[in-house]
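# Observations on the three-dimensional arrangement
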Amino acid sequence: TLLDPTRQPLLDFLAALPEGVGVCVDPGAVFAGLAERDRRAVVAATTLWTSNLAEARALTGEHHPSMGEAAAAVTAHLIDAGAPVEAVVVRDGEKGCAVVAVEGGRAGDPVDVPGFPQEAVDTNGAGDTHCGAMVAERLRGVDWVTACRRGNAASAITVTRPGPDTAPDRAETDAFLDAQE
């Protein structure tokens, strides 16, 4: 598999996590290269799944016409796998993302969070920026929709710059969001 040198350390890391520690999975191409048993081990530890639409489709093996339907299907897949999932986020470029919050093992309805279309210079790093900004907001105590909106804004800024290391800071994201209202 693609992760042969790091496969066992990843599995050891997941197995050693203390109870209650959240695991955010943003799968990327490497996830698809894992053996099925290893993908199941990662899924079983997932508290937050965040991916693009293609990665969501790859996980469920189904074609979902919308990011909301994909987020709902991924959520069902994770719940069925026994994952301690709290939320699923599926991104679709400038369209934004859809989020499904899970409480008490029950999935809520998918909520579409509109993006902020920009003239893209380089989309490299946009998903990582979205994930980082969104998780940072959740750690500040905001709800999933608000956190996703901030991730969408940060990603919108990122795609206007060349190169993958172009995430905005908090003040820049605040200014961008203020300009949208």
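Everything quoted here is computed from the prediction, not taken from an experiment.

### Concerning the overall build of the protein
The secondary structure content of the protein amounts to 8 helices and 6 strands. Each helix (α) and strand (β) of the protein, taken in turn from the N terminus, gives the series α-β-α-α-β-α-α-β-β-β-β-α-α-α. Whereas a compact globule of 181 residues would reach a radius of gyration of roughly 16 Å, the protein reaches 16 Å, a difference of no more than 12%. By principal-axis analysis of the C-alpha atoms, the protein measures approximately 45 × 35 × 35 Å. Here the protein holds 181 residues, and 43% of them are scored as buried.

### Points about the pattern of salt bridges
Side chains that carry opposite charge are capable of pairing whenever their charged atoms lie near each other. Under the definition given, this model contains 11 salt bridges. Residue Asp26 is joined to Arg91 by a salt bridge in which the shortest nitrogen-to-oxygen separation is 3.6 Å. Of the two residues, Asp26 is situated in the loop between β1 (24-25) and α2 (28-32) and Arg91 in strand β3 (residues 87-91); the sequence distance between them amounts to 65 residues. The class for Asp26 is partly exposed, based on a relative accessible area of 25%. On the basis of relative accessibility, which here comes to 10%, the residue Arg91 falls in the buried class. A network of salt bridges, in which partner residues are shared, links Glu137, Arg140, Arg150, Arg170 and Asp174.

### Describing the state of the cysteines
The tally for this structure, following the rule as stated, stands at 0 disulfides. Not part of a disulfide, Cys148 finds its nearest cysteine sulfur in Cys97, a span of 3.9 Å.

### Looking at the nonpolar core
Counting 24 residues, the largest nonpolar core has Phe31, Trp49, Val74, Leu78, Val88 and Val90 as the members making the most contacts within it. Within the residue set of this core, elements represented by two or more residues are α3 (36-45), α4 (53-60), α5 (67-80), β3 and β4 (96-103). By residue number, the principal contributor to this core is α5, which donates 5 residues. Residues contacting Leu78, with those up to four places away along its chain left out, are Val43, Thr46, Trp49, Ala83, Val85 and Val88. With 10 residues, the next largest nonpolar core counts Leu48, Val89, Val99 and Ala147 among its residues.

### Focus on helix α6 (residues 126-139)
The end-to-end C-alpha distance of α6 is 20 Å, a good match for the 20 Å that 14 residues give at a rise of 1.5 Å each. When we look at burial in α6, the residues that qualify are Ala126, Thr129, His130, Cys131, Ala133, Met134 and Glu137. Contacts from the buried residues of α6 go to β1, β2 (48-52), β3, β4, α7 (144-158) and α8 (170-180). Where α6 terminates, the next one or two residues include Gly141, which has phi positive at roughly 100°.

### So, the pairing of β2
With 4 of 5 residues buried, β2 is to be regarded as a mostly interior element. The sheet contact formed by β1 and β2 spans 2 bridges and is parallel. Looking at β2, one finds that Cys24 is bridged to Leu48. Where β2 and β3 come together, 5 bridges link them in parallel fashion. Across the sheet, Leu48 pairs through a bridge with Ala87, a residue of β3.

### Some remarks on the packing of aromatic side chains
Under the definition given, this model contains 2 aromatic pairs. Taking 5.7 Å as the distance between ring centres and 80° as the angle between the ring planes, the aromatic pair formed by Phe31 and Trp49 counts as edge-to-face. You can see Phe31 sitting in helix α2 and its partner Trp49 sitting in strand β2, a full 18 residues away along the chain. The buried category is assigned to Phe31, whose relative accessible area is 9%. Given the relative accessible area of 0%, Trp49 is considered buried. Judged by centre distance (5.4 Å) and plane angle (85°), the rings of Phe116 and Phe176 are edge-to-face. Of the two residues, Phe116 is situated in the loop between β6 (111-114) and α6 and Phe176 in helix α8; the sequence distance between them amounts to 60 residues.

Analysis parameters
- Residues numbered from 1 in each chain as written.
- Predicted model: local features only at pLDDT ≥ 70, side-chain atom pairs only at ≥ 80, totals over all residues.
- Heavy atoms only, no water.
- Helix = DSSP H or I, 4+ residues; strand = E, 2+ residues; numbered from the N terminus.
- Rg over C-alpha atoms; globule rule 2.2 N^0.38 Å.
- Buried < 20%, exposed > 50% of the residue type's maximum accessible area, 1.4 Å probe, protein only.
- Salt bridge = Lys/Arg side-chain N within 4 Å of Asp/Glu carboxyl O.
- Disulfide = S-S within 2.5 Å.
- Core = buried A, V, L, I, M, F, W, Y, C linked by side-chain atoms within 4.5 Å.
- Contact = heavy atoms within 4.5 Å.
- Expected span 1.5 Å × (residues − 1).
- Pairing = 2+ DSSP bridges.
- Phe/Tyr/Trp six-rings, centres within 6.5 Å; stacked < 30°, edge-to-face > 60°.

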